[in-house]
Amino acid sequence: MLGRGGRTRRRPGRREILIFLTVLGPGLITAMVDNDAGGIATYSMAGARFGYEMLWVLAFTAILLALVQEMTVRMGMVTGKGLAALIRERFSLRLTAFIMFTLLVTNFANTVSNFAGLAAGMQLFHVPPWMAVPPLAVLIWWLVVRGSYKGVEKIFLVASLVYVSYIISAFLARPEWGEVAKAVVTPSPRFDTAYLALTVTIVGTTIAPWMQFYQQAAIVDKGLDSSKIRYERADTVVGSVLMTLVAMFIVICCGAAFFNNPEIGATTITSAEQAAEALAPVAGNYASYLFALGLLVASLFAGSILPLSTAYTVCEAFGWESGVDRSYGEAPRFYFIYTFFIAGSALLVMIPGIPLVMLMIVSQTMNGILLPVIMLCMLILINDRDIMGAYVNPPWLNGVMWAVTALLTLLTLAMIVSTFASG
Amino acid sequence: MDLEEPFSLSSLLKREVRDAEDREIGHVQDLAVDMASQPPVVSELAVHLQWTDRIGDLVLPRPVDDIILLLAWAEVESLEPEAVLLRNPHPQFEVVSCEGKTLARRDILNKQITDEDGNRLHRVDDVLMRREGVLLFLEGLQVGTEWLPAGSRIGRLVSRLRRRYNRPGETNVIPYEAIVRVDEEALVIRT
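Each residue is numbered by its place in its chain's sequence as written, counting from 1. Ligands are numbered from 1 and chains lettered from A, in the order in which they are written. Predicted model: local features are reported for residues with pLDDT of at least 70 only, side-chain atom pairs are reported and counted for 80 or more only, and whole-chain, interface and lining totals are derived from all residues. Side-chain metrics in this entry use all non-hydrogen atoms of the structure; hydrogen atoms and water are not considered.

Asker: What should I look at first to understand the domain arrangement of chain B in this one?
Answerer: Interfaces are frequently sized by the accessible area removed from exposure as the parts join. Residues and elements named next belong to chain B. According to the domain assignment, chain B contains domain 1 (11-103) and domain 2 (105-189). Note that domain bounds follow an automatic or database assignment of domains. A C-alpha centroid distance of 25 Å is found between domain 1 and domain 2. Here, two residues are considered to be in contact whenever any of their heavy atoms come within 4.5 Å of each other. The interface is formed by 22 residues belonging to domain 1 together with 16 residues belonging to domain 2. By buried area we mean the combined loss of accessible area, with a 1.4 Å probe, across both parts when two parts are placed together. Counting the surface lost from both domain 1 and domain 2, the interface buries some 1700 Å², and carbon and sulfur atoms represent 64% of this. When the buried area of domain 1 at its contact with domain 2 is split by residue, Pro39, Leu79 and Leu103 rank highest and sum to 27% of it.

See below:
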C-alpha cells in the first residue's frame, strides 16, 4: 500500500500484533493504576467545578505522561535494570536513601487513600468498611503473594476493562458531545486560583514518581530487551491514551451531571464517592453504581500495585532480595514492606475520624518534592552514553524534556504552596 | 582522616589532585584495583583533570576540558589528608588504558552483592581501603552506614565471614577474601 508520499506504508503483520500482545502490560497497567481513588476524585472535582473546560489539560497531560514513561521504557529495556538500581549505581547512597524514604511515605499515603476509596466504594453498595476492608486486604495480599507475576498481570489487564463503567456513566449523564469535542481541542486556560490549583493537581496526580519506578521494574521483570522497544513504546502510548480517555469520561460525566446542574452542589464534590452518590438523582442509579464500581476496582487495583511497586523499588535500591516467586525466608524485607503497606492501610482506614485529608496533603507534598528530583535523575541517566549507548535522548527530546521538567517543577511547587496557603 | 587507619573510598573521591609544581590539576575520580593480587592492590588512579593538551606522549591538536585519565599508581607521590600529590608536573604523566580494569567506584561501589547462587544480599555501601606507605589495598566491602544500619541478617553473615577469615572485631565490612569475582551485574561473594 502506498502512502501519500509514494513511500510504502506497511500494515502491522500478524507476527507483530502477536509480539505486541505479548509485550503489552507494563505500560497499560501503570497508566491504568494511575486512575486510582485520588485521581478519580480529582477528575470528578474538575468536571463538577469547571464542566468540560479542563479536558484540554488532560489531553496535554497525556502527551507529557507518554514522553516521561517512554524514557523509563528505554532505560529498562536497554540496561535491564530498574530505575532504583540505576539511580543507586550512578548517584549516591544518600540521594537514593532520600528518594526511597520520600517514596515510602508518599506511596503509603497513596495506598491508604486507595483503601479509603475501597471502603467508600463498598459503602456505596451498602457494605460497611469493617466487613469489606479486611477480606479485600487479605485478597489483595494473597493474590500477589500466592500468584505469579504473569498471572497477576493478566488479572490486572482484565480488571482494566472495568474502567469502561466510567464511559457508560458518562453516556448516561447525557453530555453535550459537541461542547465536549470543542473543549478537548480548544485550550481555555484561566488564571484564577481554583482553576490553577486543579490544573496542577491533575498534572501531579497523573505523572507520579511511583509510575516511573513501577513501569521500568515491570519491563525488567518481564525480561523485555531493546529488540522489542517499539512494541513497549506502543504499550506505553496505548496506556497513556486509555488512561486519559477514562479520566476524560469521568470529567465529562461529572461535568454533565453537576456543572450543568449547580443546584446539586457542584462545589461540594470533593471525593469520588460523593460524585458517585450525587449521580443517582441526575443520571440514574445505574450511572451511580457503575461509577462506584469503577472506584472500587480502581482502588483494589492501585491498592495492590502500589505496595508491590514500593517493595520492589526499595529492595532494588538497597540490594535486598525481592520477588513474589521468593519465599518469606528468602526475601523477608520485600514481604515486610508489602504486608505492612496493605495491613497498615487497611487498619488505618477503619479507624473512625482518621485525618485522611492531612495524609493526602503530606502525600501530594512529598510527591511534589520527589518528582523534579526523579526527572533530573532520569535525564542525567538517559543522556549517559556509558549507560544508554545509542539510546540516549536525541537533542529535540532533551529540549522538550528539560522544558517539561521545569514545568513540572513549577507546577508542583505551585501545588505545594497552594495546598499550604489554602490551609 | 587518618590515612594509617582503614578509610572509605568515598572519603577519597573528589579529593584535590596536585602536580609536582603544587598546581591543582583536578580531583580523584576513581581507583583501579588489581583484584588478582592478594590482597587486592590499587594499581592506578583515575583523575578528573580540569584540562590537558597531552595524553601520555600524544600531543592533542587543542586542549580539552574535563577529561578523566587513568594514571599509573607510580605517579602518586603521597596521599595527604587534603590532596593527592603527584610526582610529575602536569601533563607529563604515565597514562594507562582503562581496558580490562576493575574500577572501585564504577564497578564496586553501590554494586549489588550476591552469593554464588545469585541470591541478592545487599549493595556495597562503601569500599574500605588500607594504606601501607604509598600503596593502597582493598580491605573489604562496607554494608550499612552509621545512619542506615545494614540489618541483622547481613550482619550475621558479615560476622561469620570475619570469623572465617580471621578478622576480629565487630565491623560491618565483608573481608576482601570473600570476594569471588566482580561481574558486570553483581559482585559475587563466597558465603
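Asker: How should the sheet that holds strand 15 (residues 187-189) of chain B be read in this particular structure?
Answerer: Two modes of strand pairing occur in sheets, parallel and antiparallel, and in both the strands are linked by backbone hydrogen bonds. Residue and element names in this part refer to chain B. An order of 10-9-15-14 is seen for the four strands of this open sheet, with the pairing classed as mixed. With partners counted over all chains shown, the strands left at the sheet margins are strand 10 (120-123) and strand 14 (179-182), one partner each. Adjacent strand axes in the sheet meet at a mean angle of 25°, parallel and antiparallel pairs treated alike. Here, strands pair whenever DSSP counts at least two bridges between them. Numbering of helices and strands starts at the N terminus; helices are DSSP runs of H or I of at least 4 residues and strands are runs of E of at least 2. Axis definition: a line fitted to C-alpha atoms, limited for helices to the stretch in contact. Angles are taken between N-to-C directions and run from 0 to 180 degrees.

Asker: Is there a simple way to explain the packing of helix 6 (residues 93-124) of chain A against helix 12 (residues 209-221) of chain A in this structure?
Answerer: Any two packed helices are characterised by the angle at which their axes cross and by the distance between the axes. Residues and elements named next belong to chain A. With their axes 10 Å apart at the nearest point, helix 6 and helix 12 run at an angle of 100° to one another. Relative to helix 12, helix 6 is oriented roughly perpendicular. For the pair formed by helix 6 and helix 12, the contact residues are Ile99, Met100, Leu103, Asn107 and Asn110 on the first element and Pro209, Trp210 and Phe213 on the second. Residues were grouped as follows: Ala, Val, Leu, Ile, Met, Phe, Trp, Tyr, Cys and Pro as nonpolar; Asp, Glu, Lys and Arg as charged; and all remaining residues, including Gly, as polar. Of the residues belonging to the contact of helix 6 with helix 12, the class tally is six nonpolar, two polar and no charged. For classification purposes, an angle smaller than 35 degrees is called roughly parallel, one larger than 145 roughly antiparallel, one from 65 to 115 roughly perpendicular, and anything else oblique.

Asker: Any chance you could explain the confidence of the model for chain A here in plain terms?
Answerer: Detail in the predicted coordinates should be disregarded across regions flagged by low pLDDT. Residues and elements named next belong to chain A. Per-residue confidence from the prediction method is given by pLDDT, with values spanning 0 to 100. Residue-level pLDDT values for chain A average 85, and 91% of them are 70 or greater. Within chain A, the element-level pLDDT minimum falls on helix 1 (residues 14-23), averaging 65, and the maximum on helix 5 (residues 83-90), averaging 95. Contacts for the low-pLDDT stretch residues 1-7, under 50 throughout, to residues beyond four places or in other chains number seven contacts.

Asker: Sorry, what's going on with the pairing of strand 12 (residues 135-142) of chain B here?
Answerer: For a regular strand, side chains alternate in direction, first toward one face of the sheet and then toward the other. Residue and element names in this part refer to chain B. Most of strand 12 sits inside the fold, with seven of its eight residues counted as buried. Two strands pair when backbone bridges link them, and strand 11 (residues 126-132) and strand 12 are joined in this way by seven bridges, in the antiparallel orientation. Bridge assignment links Arg130 to a residue of strand 12, and that residue is Phe137. If you look at the hairpin formed by strand 11 and strand 12, you'll find two residues sitting between the two strands, and Gly133 has a positive phi there, around 65°. Pairing of strand 12 with strand 13 (residues 173-175), which is carried by three bridges, proceeds in the antiparallel orientation. Paired with Gln142 across the strands is Val173, a residue of strand 13. Burial status follows relative accessibility: with a 1.4 Å probe on protein chains alone, a residue under 20% of its type maximum counts as buried, one over 50% as exposed, and anything between as partly exposed.

Asker: Would you explain the pattern of salt bridges in this entry?
Answerer: Oppositely charged side chains can form a pair if their charged atoms are brought close together. The working definition used for a salt bridge is a side-chain nitrogen of Lys or Arg within 4 Å of a carboxyl oxygen of Asp or Glu. For the coordinates displayed, the defined rule picks out 21 salt bridges over all chains. Ionic pairing is found between Glu53(A) and Arg190(A), a salt bridge with its closest N-O pair at 3.1 Å. Here Glu53(A), found in the loop between helix 3 (37-50) and helix 4 (55-79), pairs with Arg190(A), found in the loop between helix 10 (177-185) and helix 11 (193-206); they are 137 residues apart in sequence, far enough to count as distant. Here the residues in one salt-bridge network are Arg130(B), Glu132(B), Glu139(B), Arg167(B) and Glu177(B), joined through shared partners.

Asker: Help me understand the interface of chain B and chain A, please; the structure alone is not making it clear to me.
Answerer: Every contact between the two is made by 17 residues of chain B and, on the other side, 21 residues of chain A. At the boundary of chain B with chain A, total buried surface from both sides reaches about 1500 Å², with 40% on carbon and sulfur atoms. By the criterion of area lost to chain A, the three top residues of chain B are Arg120(B), Arg123(B) and Trp147(B), representing 40% of everything that side buries. In this structure, the connection of chain B to chain A is made through three salt bridges. In this structure, Arg88(A) and Asp125(B) form a salt bridge, with 2.7 Å as the shortest nitrogen-oxygen distance.

Asker: Even after reading the chapter, I still don't get the layout of surface pockets, so can you show me in this structure?
Answerer: To find leftover empty space, one rolls a probe the size of a water molecule over the atoms. Definitions used throughout: a 1 Å grid over protein atoms alone; a cavity as a set of points that fits a 1.4 Å probe which cannot get out; a pocket as an open set with protein on both sides within 12 Å along at least five of seven lines; a lining residue as one with an atom within 4 Å of a point. Grid points are joined across faces, edges and corners, and a volume is the space filled by probe spheres set on the points. Estimates place the volume of the largest pocket at around 1700 Å³. Around the largest pocket sit 43 residues that line it, and Glu89(A), Arg90(A), Arg105(B), Arg106(B) and Asp107(B) are the ones nearest its centre. Contributing elements (two or more residues each) for the lining of the largest pocket: helix 5, helix 6 and helix 18 (385-388) of chain A together with strand 3 (24-34), strand 5 (58-72), strand 8 (102-103) and helix 2 (104-108) of chain B. Summarising the domain contributions, the lining of the largest pocket has at least three residues from each of domain 1 (11-103) and domain 2 (105-189) of chain B.

Asker: Even after reading the chapter, I still don't get unusual backbone geometry, so can you show me in this structure?
Answerer: Generally, phi is negative for residues other than glycine and the peptide bonds are trans, each holding for most cases. Residue and element names in this part refer to chain B. Gln38 connects to Pro39 through a cis peptide bond whose omega is -5°. In this fold, Pro39 is placed in the loop between strand 3 and strand 4 (41-55). Between His90 and the following residue, Pro91, the backbone shows a cis peptide bond with an omega angle of 5°. With respect to the helices, strands and loops of the structure, Pro91 is situated in the loop between strand 7 (83-86) and strand 8.

Asker: Teacher, can you tell me more about the packing of helix 14 (residues 272-283) of chain A against helix 15 (residues 285-318) of chain A here?
Answerer: Residue and element names in this part refer to chain A. Contact geometry for helix 14 and helix 15: axes closest at 6 Å, N-to-C directions at 165°. In terms of axis orientation, helix 14 runs roughly antiparallel to helix 15. Crossing handedness for the pair helix 14 and helix 15: right-handed. Across the interface between the two elements, Ala272, Glu273, Ala275, Ala276, Glu277, Leu279, Ala280 and Ala283 from helix 14 touch Asn285, Ala287, Ser288, Phe291, Ala292 and Leu295 from helix 15. If you view the pair so one helix is near and one far, a crossing is left-handed when the near helix is turned anticlockwise from the far one by less than a right angle, and right-handed when it is turned clockwise.

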